[in-house]
Amino acid sequence: NEQLHSWVLPGERSDEVTPRLLLAHRGGTTVSGFPGYAPGTPLPDLKQILDGSPPANTGPVRQVWAPGEAFRYSGGGTMVLQQLVEDVAGRPFTTVAAELVLMPCGMVGSTFRQPPATTDLAVAHDAAGQALPGKFRLY
């Protein structure tokens, strides 16, 4: 929360949550995973996802378990990290990730942009091997 400027992580012990704990899924944060969004449906912005506000399709991200005491997978924690990158860098996550990770690795066809600017995408499948309606999900 010391480095978050545009949003703060609510929770009784949120001041104890660190990037290291979030990366290790030990930050005590909620929202284990995200179901994604079908192409063409309204997409929430990052703050709507963090607050669980429509059109987000998950609950709010909160610190509810003691930080550092247990592993609990938290996609919500990774969203807090995304907000941290944006607040510290002063630029969109998609730009920072492209400049610092994707381009240096030569990943010119990869992006964190949602929806992606291309339709040249792999088709997602469910656990039974069936193609998903709309061919993929946006996260």
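Note that this is a predicted model, so its numbers are computed, not measured.

About the cut-offs
- Residues numbered from 1 in each chain as written.
- Predicted model: local features only at pLDDT ≥ 70, side-chain atom pairs only at ≥ 80, totals over all residues.
- Heavy atoms only, no water.
- Core = buried A, V, L, I, M, F, W, Y, C linked by side-chain atoms within 4.5 Å.
- Buried < 20%, exposed > 50% of the residue type's maximum accessible area, 1.4 Å probe, protein only.
- Helix = DSSP H or I, 4+ residues; strand = E, 2+ residues; numbered from the N terminus.
- Contact = heavy atoms within 4.5 Å.
- Salt bridge = Lys/Arg side-chain N within 4 Å of Asp/Glu carboxyl O.
- Phe/Tyr/Trp six-rings, centres within 6.5 Å; stacked < 30°, edge-to-face > 60°.

1. Some words on the nonpolar core
Counting residues in each nonpolar core, the largest one holds 14 residues, and the members touching the most others are Trp 7, Leu 9, Leu 50, Val 61 and Val 80. Secondary structure elements with two or more residues in this core: helix H2 (46-51) and helix H3 (75-89). Those residues in contact with Leu 50 that sit more than four places away from it in its chain are Trp 7, Pro 60, Val 61, Arg 62, Gly 76, Met 79, Val 80 and Gln 83.

2. Quick look at unusual backbone geometry
Cis geometry marks the peptide bond from Pro 54 to Pro 55, where omega comes out at 10°. Here Pro 55 shows up in the loop between H2 and H3. Cis geometry marks the peptide bond from Gln 114 to Pro 115; its omega dihedral reads -5°. Locating Pro 115 in the fold gives a position in the segment after helix H4 (93-102). With a phi close to 75°, Lys 135 is a non-glycine residue in the positive phi region. Within the secondary structure layout, Lys 135 lies in the segment after H4. Look at Lys 135 and you get exposed, because its relative accessible area is 54%.

3. Re the environment of Phe 136
For Phe 136, the location among the structural elements is in the segment after H4. Note on Phe 136: relative accessible area 22%, which makes it partly exposed. Expressed as a C-alpha distance, the spacing of Phe 136 and Pro 39, which sit 97 residues apart in the sequence, is 7.3 Å. Sequence-distant contacts of Phe 136, defined by excluding residues within four places in its chain, comprise Tyr 37, Pro 39, Leu 121, Ala 122 and Ala 124.

4. Remarks on the pattern of salt bridges
Counted by the stated rule, this structure contains two salt bridges. Arg 13 serves as the salt-bridge partner of Glu 16, at 2.8 Å between the closest nitrogen and oxygen. Under the relative-accessibility criterion, Glu 16 is labelled partly exposed at 34%. A residue is classified by how much of its surface remains accessible, and Arg 13, at 29% relative accessible area, is partly exposed. A salt bridge links Glu 99 to Arg 91, with the shortest nitrogen-to-oxygen separation between them at 2.5 Å.

5. Quick notes on the packing of aromatic side chains
The relation between two aromatic rings is expressed through the spacing of the ring centres and the mutual angle of the planes. One pass over the full model with this rule turns up one aromatic pair. On the basis of an interplanar angle of 80° and a centroid distance of 5.2 Å, the ring pair of Phe 93 and Phe 112 is categorised as edge-to-face. Of the two residues, Phe 93 sits in helix H4 while Phe 112 sits in the segment after H4, which places them 19 residues apart along the sequence. On the basis of relative accessible area, Phe 93 is assigned to the buried category, the value being 18%. On the basis of relative accessibility, which here comes to 42%, the residue Phe 112 falls in the partly exposed class.

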